[in-house]
Every structure is written in structure tokens, then in C-alpha cells.
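As a plain string of letters, each chain reads:
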Amino acid sequence: CLSHLKWLLWMWRSTMIPRSLHVDSSLGGTVVLRCSFSMMPVSQSSSEEVRIQWIKLHSLLGDQVVLVAQGGRVKFGATFVDRVSVPTNPQSVQDASLTITGVSRSDSGVYICKVTHGLEETQSAVSLTVSGVVFHYRASSSRYSLDFTEAQEACRSVNASIATPAQLTAAYQDGLDQCDAGWLADQSVRYPITRSRPGCEGNLLQRPGVRTYGRRDPTERYDVYCFVDKLQGEVFYPSSLTDKITWQEAKEECERHDAVLASPGQLHAAWMAGLNRCDYGWLSDGSVRYPVTVPKVQCGGGMLGVRTLYKYNNQTGFPDPTEKHGAFCFKG
Ligand SMILES: *[C@@H]1O[C@H](CO)[C@@H](O)[C@H](O)[C@H]1NC(C)=O
Ligand SMILES: *[C@@H]1O[C@H](CO)[C@@H](O)[C@H](O)[C@H]1NC(C)=O
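Residues numbered from 1 in each chain as written. Chains lettered and ligands numbered in written order. Predicted model: local features only at pLDDT ≥ 70, side-chain atom pairs only at ≥ 80, totals over all residues. Heavy atoms only, no water.

1. Focus: the site of ligand 2
Alright, step 1. Residues in close proximity to ligand 2 include Tyr312, Asn314 and Thr316, which together make up its full environment.
Alright, step 2. At a separation of 2.3 Å, an oxygen atom of ligand 2 approaches a polar side-chain atom of Asn314.
Alright, step 3. Relative to its free-state accessible area of 370 Å², ligand 2 is covered by the protein chains to the extent of 38%. (Near = heavy atom within 4 Å. Polar contact = N/O pair within 3.5 Å; in protein donor to acceptor, adjacent residues only side chain to side chain. Areas by Shrake-Rupley, 256 points an atom, 1.4 Å probe, with all protein chains shown as cover.)

2. Some words on the nonpolar core
Generally speaking, a soluble globular protein has its nonpolar side chains buried in company with each other.
Alright, step 1. Residues Leu33, Trp54, Leu98, Ile100, Tyr111 and Val224 are the most contacted members of the largest nonpolar core, which totals 86 residues.
Alright, step 2. Contacts of Val224, omitting those with residues within four sequence positions, involve Phe135, His136, Tyr137, Leu146, Ala151, Cys155, Ile162, Gly182 and Trp183. (Core = buried A, V, L, I, M, F, W, Y, C linked by side-chain atoms within 4.5 Å. Buried < 20%, exposed > 50% of the residue type's maximum accessible area, 1.4 Å probe, protein only. Contact = heavy atoms within 4.5 Å.)

3. Some thoughts on the state of the cysteines
Alright, step 1. Scanning the model with the defined rule gives 5 disulfides in all.
Alright, step 2. Two residues, Cys254 and Cys329, share a disulfide whose sulfurs are 2.1 Å apart. An S-S torsion of about -80 degrees defines the bridge between Cys254 and Cys329 as left-handed. Taken together, the positions of Cys254 in helix α6 (residues 247-256) and Cys329 in strand β22 (residues 329-331) put the pair 75 residues apart, joining distant regions of the chain.
Alright, step 3. Linked covalently through their sulfurs, Cys278 and Cys299 form a disulfide whose S-S length is 2.0 Å. Measuring the twist about the S-S bond at about -120 degrees, one finds the Cys278-Cys299 disulfide to be left-handed. Taken as a pair, Cys278 in the loop between α7 (264-272) and β18 (281-282) and Cys299 in the loop between β19 (288-292) and β20 (305-308) lie far apart in primary sequence, 21 residues in all.
Alright, step 4. Cysteine pairing in the protein follows 1-2, 3-6, 4-5, 7-10, 8-9, where each cysteine in a disulfide is numbered by its order in the sequence. (Disulfide = S-S within 2.5 Å. Helix = DSSP H or I, 4+ residues; strand = E, 2+ residues; numbered from the N terminus.)

4. Here we look at the environment of Arg197
Alright, step 1. Looking at where Arg197 falls in the secondary structure, it is placed in the loop between β13 (188-193) and β14 (209-215).
Alright, step 2. Expressed as a C-alpha distance, the spacing of Arg197 and Leu231, which sit 34 residues apart in the sequence, is 34 Å.
Alright, step 3. Setting aside chain neighbours within four positions, we find Arg197 in contact with Asp177 and Cys179.
Alright, step 4. A polar contact is formed between the side chain of Arg197 and the backbone oxygen of Arg195, at a distance of 2.9 Å.

5. Some words on the sheet that holds β20
Backbone hydrogen bonds are what pair the strands of a sheet, in a parallel or an antiparallel way.
Alright, step 1. Taken together, 4 strands build an open sheet; the order of strands is β20-β19-β18-β21 and the sheet is mixed. In the strand order of this sheet, the two ends are held by β20 and β21 (326-327), each with one partner.
Alright, step 2. One ladder, built from 2 bridges, connects β18 with β21; its direction is parallel. Bridged to Gly281 within β21 is Gly326.
Alright, step 3. Relative to the sheet, α7 contacts β19 and β20, its axis offset from that of β19 by approximately 15 degrees. (Pairing = 2+ DSSP bridges. Axes fitted to C-alpha atoms, helices over the stretch in contact; angles between N-to-C directions.)

6. A look at α6
Alright, step 1. Inspection of α6 places Ala250, Glu253 and Cys254 among the buried residues, and these make up the whole buried set. Down the axis, α6 shows its buried residues gathered within 95 degrees of arc, on one side only. Exposed and facing more than 90 degrees away from the buried side of α6 are Glu255 and Arg256. (Arc of directions from axis to C-beta.)

7. Some remarks on unusual backbone geometry
Alright, step 1. Although it is not a glycine, Gln94 sits at a positive phi angle of roughly 50 degrees.
Alright, step 2. Structurally, the position occupied by Gln94 is in the loop between α3 (90-93) and β7 (98-100).
Alright, step 3. Backbone geometry places Asn159, a non-glycine residue, at a positive phi of 60 degrees.
Alright, step 4. Residue position: Asn159 is located in the loop between α4 (148-157) and β11 (161-162).
Alright, step 5. A residue is classified by how much of its surface remains accessible, and Asn159, at 43% relative accessible area, is partly exposed.

8. So, the site of ligand 1
Alright, step 1. Every residue lining ligand 1 is accounted for by Arg156, Ser157, Asn159, Gln266 and Phe330.
Alright, step 2. Here Asn159 contributes a side-chain N or O atom positioned 2.4 Å from an oxygen atom of ligand 1.
Alright, step 3. Isolated, ligand 1 exposes 370 Å² of accessible area, and the fraction of that covered by the protein chains is 33%.
Alright, step 4. Residues that form the shell around ligand 1 fall into these classes: 1 nonpolar, 3 polar and 1 charged. (Nonpolar A, V, L, I, M, F, W, Y, C, P; charged D, E, K, R; others polar.)

9. Overview of α4
Alright, step 1. Taken as a whole, α4 has its buried residues at Phe148, Ala151, Ala154 and Cys155. One side of α4 carries all its buried residues, which in axial view fall inside an arc of 115 degrees. In α4, the exposed positions that point more than 90 degrees away from the buried face belong to Thr149 and Arg156.

Spelled out as C-alpha cells, the structure:
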């Protein structure tokens, strides 16, 4: 009940924020949350130090301290260490804006800036929305079959781009765990591990984090991590579809809806926007997947994400095109 009240309060407070104070950012990027204040000329010269406090409102866990700065000393909230800052001399610039680097989707929310100077206090709020998702992509042929050029092309062919290290790190912060080495845009090869386990220790051994092989020769072969931002259209599972169908039939089914088979990039973007469907469906590249946004034991074992159906137990190969599944269509 208490958490419900907090949630209502949070909803109320977020609707009070003017539109102009909504900031959009993309996964892994750097964002500045504006907060300026003014001080009386008389108080500017006073020896009293300005105290800046940034707080993130949280619907369920209570409010989180992001940072507290006073007279050159800065304290950070646990999840914000090393990635947030305010001007070093806020008094003279009358600016307490918060810079966040490497934003993840879990940074989305409402932030309150509180500036205290003696008895004066100003408060303002900014709302941040972070979009974008990183996903692991394996070619239909086998594990670790893509050289660097093919890896870039593979992401492009599924309506995504090869992810940057900053995007992969942000996705890891949001919980991505994948024990498969993949190319990134800077020609390095990495993989994100939230719980270390045998075979996935990499260079970090027991610690969680993004493992790296460093920059590699472009002819070496790995999987790839792709990035996709907001969906530019709609992905749907045709309501007319009651029987399972082959890949060719799925293609035709989407055409009947004036659409095309969705690509993995589009399905991941739709998943990020909330698409939930517990039926495997054909995609444009011949892969078969489904998106889970509502945890259910019988749908992906209660885990969230896009599930992929592989041909073999060792998680390689796409299903035979004559197999029968559902379909995900895309309309721009
Ligand atoms: C998705 O990618 C395919 C293959 O590269 C391309 O033909 C298609 O136009 C792209 N669709 C959109 C909506 O960008
Ligand atoms: C996965 O299994 C298939 C079929 O058993 C086999 O042909 C393939 O070599 C295996 N791939 C890997 C990477 O182990």
C-alpha cells in the first residue's frame, strides 16, 4: 500500500513537469539535465557555500540520491559513481546542471535539482527518457562466423547498426548477459556478463562486467552486437493468423496486411516499446523469435527479452523454412 502511494505521488509529480523539461537520450550517450539558479547579489558575496543535491524519484524503491556537492566536495549515490558531475564552481556560473555519461534505460525517470544557499532554496525537475536496445546476433550458418565487415553488414541487414562499446556497457547496466563474443563498432570484441560462471570468466574472472578481447584483426570471426533505437513504425502478430505457417506463407501473410516480415532489429525495438507475445514467429532473415515484456514461467522461463529458436541444441542454425510457426509483420 505504501509503495502504491509512493507510485501515485511519483505519477503526480511527473505530470507536474513542463514539456520543455523532458529530455530524450539514446542508450550509452551523454546527457545534460539543466538546472540554473539565481542568487541575490548580496548573498553571492557571502561566505555561505552553495549546496547542490540531485535526487532521482523512484516509483517503488523511494528516492535515490544521485549526487550531493558542496564547496568542492562531492558525494555520489551508489549507482552513479564515476558517471555524473556538476560544474566545479556552480556559484560563479549559477548553474547546477547534471551531466550523466553512459546513460542506460534504467536511468530513465524524474530528477529533482535542489540548490540551497543559506536560507534560499530553489527546486526544479527534469524528466529523462533513454531509448535504444543492444542485442546479440548470430548468423544462420554457425557460431562465430562473421568477420568484421560481415558483422557490420549483418546488423544493417536486420535494420540495426553495429553497437558501440558505450552502448554495450549501458545495455549491460540494464541487465544484458550473453556468453558469446561479438564484434563492436570500434573493431573490438566483447561480451556482457552479469553473473560470472564457468566458461564466461573472460578477463574479469569472477567479477560481473563487460569482458573484452581488445581490438582484433578484422578477419577473425565472431558473433556481433547490434544496436537499434526507437521503432519507426509498427510490429504486429497478425490477428488473422490462427494456424502455424512456413516462412514463405508468413511473408505472404504480412503482404496481405500491407506489411512485410519484421526484421530482428524491428522486433527488438518493438520489444523495447512493450510488445509481448508468447508465440514463435518468422522474421525477415529466416530466424524465429518472440518478445517477452511480461514475465511468465511458460514464456521464456520468466525472463524478459527476445527469445530465439535455434535449429540445434548448441544454439546455432535457423529453423528450416518449411517448419511451421507464427509471424511478426512490420509496417512503416
Ligand atoms: C530494413 O533493412 C532492409 C535490408 O537492409 C531494407 O531493405 C529495408 O528497407 C529496411 N527497412 C527499413 C524500414 O528501414
Ligand atoms: C552445433 O551442432 C551442429 C549439429 O549437431 C553441428 O553441426 C555444429 O558443428 C555445432 N556447432 C558448434 C559451434 O558447436
